[in-house]
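Each chain, letter by letter, is given below.
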Amino acid sequence: MGNDDARATIGLTGLATMGRNLARNIARNGHTIAVHNRTTSKMTALIDEFGDEGDFVGCESLEDLVAAVERPRAIVIMVKAGEATDAVVDELVPLLDEGDIVVDAGNAHYRDTLRRQEALEEKGLHFVGMGVSGGEEGALNGPSIMVGGSDHAYEVLQPVVESIAADVDGTPCCAHIGHDGAGHFVKMVHNGIEYADMQLIAESYDLLRSVAGMTPAEVADVFEEWNGGDLESFLIEMTADVLRHTDAETGEPFVDVVRDAAEQKGTGRWTVQDALDLGVPITGIAEATFARSLSGHTEQRAAAREMFSTTPEEVDVDRDSFVDQVRAALYASKVVAYAQGFDQIAAGAEERGWDIDLGEVATIWRGGCIIRAQFLDRIREAYADEPDLTTLLTTPYFAEAVTDGVDAWREVIVAAVRGGVPTPAFSSSLAYFDGLRRDRLPAALIQALRDDFGAHTYERVDREGTFHTRWAEEGRPEEQVSD
Ligand SMILES: NC(=O)C1=CN([C@@H]2O[C@H](COP(=O)(O)OP(=O)(O)OC[C@H]3O[C@@H](n4cnc5c(N)ncnc54)[C@H](OP(=O)(O)O)[C@@H]3O)[C@@H](O)[C@H]2O)C=CC1
Ligand SMILES: O=C(CO)[C@H](O)[C@H](O)COP(=O)(O)O
């Protein structure tokens, strides 16, 4: 296909919340961008409203979009993940030429990215799975960008993606994470951590309201104060803002007029499914995902309330001390959630042959993305000191934070249990910490039971080898099954 009139550096199809702002960001940074949307009115609205922000080429069809972009073309797809992305890829591919680059910037499952990458490679095209985080505002003003694809594709895209990404201390929040699905894999785990972060924040809010009896506005003040310390982050700041918001119609705190059933588009669930396959215990993320599911089971919740309706025990706490304890518990649990997420990235990278630099991941999450937080700098430093870190939990800074916070963490969970306030993420994070540091785990009993009912064998603490006890026989003789 000829494109003699092509003058755009890059093309983008999918101009909903993210795509339209990403396109504006690209144009504002001096790149000519060709824009397209299945429903043309979104494209014309973008040009009408924001056409003067940069050099846009409006396109009514994918054919026009392809013709408008200089070769080798780079075309970004920013549409609904799943079937919609496949539909756009299928329509786009026949229009392209060898060497062109298709970039999926949506929240694709990394396995879909692997599949698409293989299919396009066979046609001589490059496929890039590019995770973008930052929501609507980040897409416009600088997101965090996780690119997966060939070295060549990254070289072509680098000037554009680095110029539009958020910037922290002069470093763009953008990196070539690895080949094929690596970028979408890291974005998936990022979203899993986002689920855990939000669940921990929600549990903190619930405790401060239900145990300490604070109003949403008072809790907002607490979050605002926390945002001035170690917990400083986008989500903590946003929580203060949301809790202070009053519903215009009713005059009630906004949080009280929102239905308490949390939805999910799937990235948290994928993270948990993947962690199960990898055998990595990401308990905080898993509990956060299940907590969203539980909140959505409205009929079961109604039945349970009717059957078990109880007034939880009043818990007598000193408000100021409790606020401090919740802060410590939140911080320690957050450290666990991030440690687990980074463990998953390390395990996934090893399993799939991606050379993922964990310090670089922490670096590009410091700005632009939803989980941006001051303490990512600490994580970056930890991996800079020791790239093959076994767990973030044992690095001096985080070990101290968890050790200092552990008593408060326990107190908070005791208060939650007494008060009937569910804290699945707090509790599972503490259980994870206790599990890791325990001298002996009851896993020994599980091994013995497995051997008893299924001859599954066990290892001994005092000798090498694999053993089986013949439980049904007199004297229960033990045999060594292998060395
Ligand atoms: N919203 C967010 O905060 C974030 C979203 N993402 C991801 O970015 C992508 C875009 O998200 P968002 O902007 O919220 O928009 P949506 O996920 O709501 O997707 C809407 C866009 O998809 C297009 N689309 C849907 N089905 C098709 C189809 N069959 N063929 C062609 N186009 C189709 C729509 O076109 P039309 O207008 O014609 O309906 C529209 O442009 C998603 O993959 C999302 O997961 C990533 C980070 C943050
Ligand atoms: O990717 C994102 C932020 O990083 C999106 O906002 C994501 O879609 C939110 O996920 P969910 O709808 O499952 O809460």
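Residues numbered from 1 in each chain as written. Chains lettered and ligands numbered in written order. Predicted model: local features only at pLDDT ≥ 70, side-chain atom pairs only at ≥ 80, totals over all residues. Heavy atoms only, no water.

Here we take up the pattern of salt bridges. Taken as a whole and assessed by the stated rule, the structure comprises 30 salt bridges. Measuring nitrogen to oxygen at the nearest pair gives 3.5 Å for the salt bridge that ties R71 to D97. Remark: D97 occurs in the loop between α4 (83-92) and β5 (101-104) and R71 occurs in the loop between α3 (62-68) and β4 (74-77); sequence separation between them is 26 residues. On the basis of relative accessibility, which here comes to 15%, the residue D97 falls in the buried class. Between D86 and R115 there is a salt bridge whose closest N-O contact spans 3.0 Å. Within this pair, whereas D86 is found in helix α4, its partner R115 is found in helix α5 (residues 110-122), the two being separated by 29 residues in sequence. Through salt bridges with shared partners, a single ionic network connects D86, D104, D112, R115 and R116. (Salt bridge = Lys/Arg side-chain N within 4 Å of Asp/Glu carboxyl O. Helix = DSSP H or I, 4+ residues; strand = E, 2+ residues; numbered from the N terminus. Buried < 20%, exposed > 50% of the residue type's maximum accessible area, 1.4 Å probe, protein only.)

Moving on to the UniProt feature "domain: 6-phosphogluconate dehydrogenase C-terminal" (unreviewed entry) in the chain. Per the UniProt entry, the sites bearing "domain: 6-phosphogluconate dehydrogenase C-terminal" (unreviewed entry) are residues 183-472 in this numbering. Secondary structure across residues 183-472 divides into 66% helix and 1% strand, with the first and last C-alpha atoms of the span separated by 53 Å. (UniProt positions renumbered as here; feature names shortened; annotations may be inferred.)

What follows deals with the sheet that holds strand β10 (residues 174-178). The sheet built from eight strands is open, its strands ordered β3-β2-β1-β4-β5-β6-β7-β10 with mixed pairing. Strands at the two margins of the open sheet, each flanked by one partner only, are β3 (56-58) and β10. Direction aside, the axes of adjacent strands within the sheet are offset by 25° on average. Note: β4 against β5, four bridges, orientation parallel. Its bridge partner being in β5, V76 is matched across the sheet by V103. (Pairing = 2+ DSSP bridges. Axes fitted to C-alpha atoms, helices over the stretch in contact; angles between N-to-C directions.)

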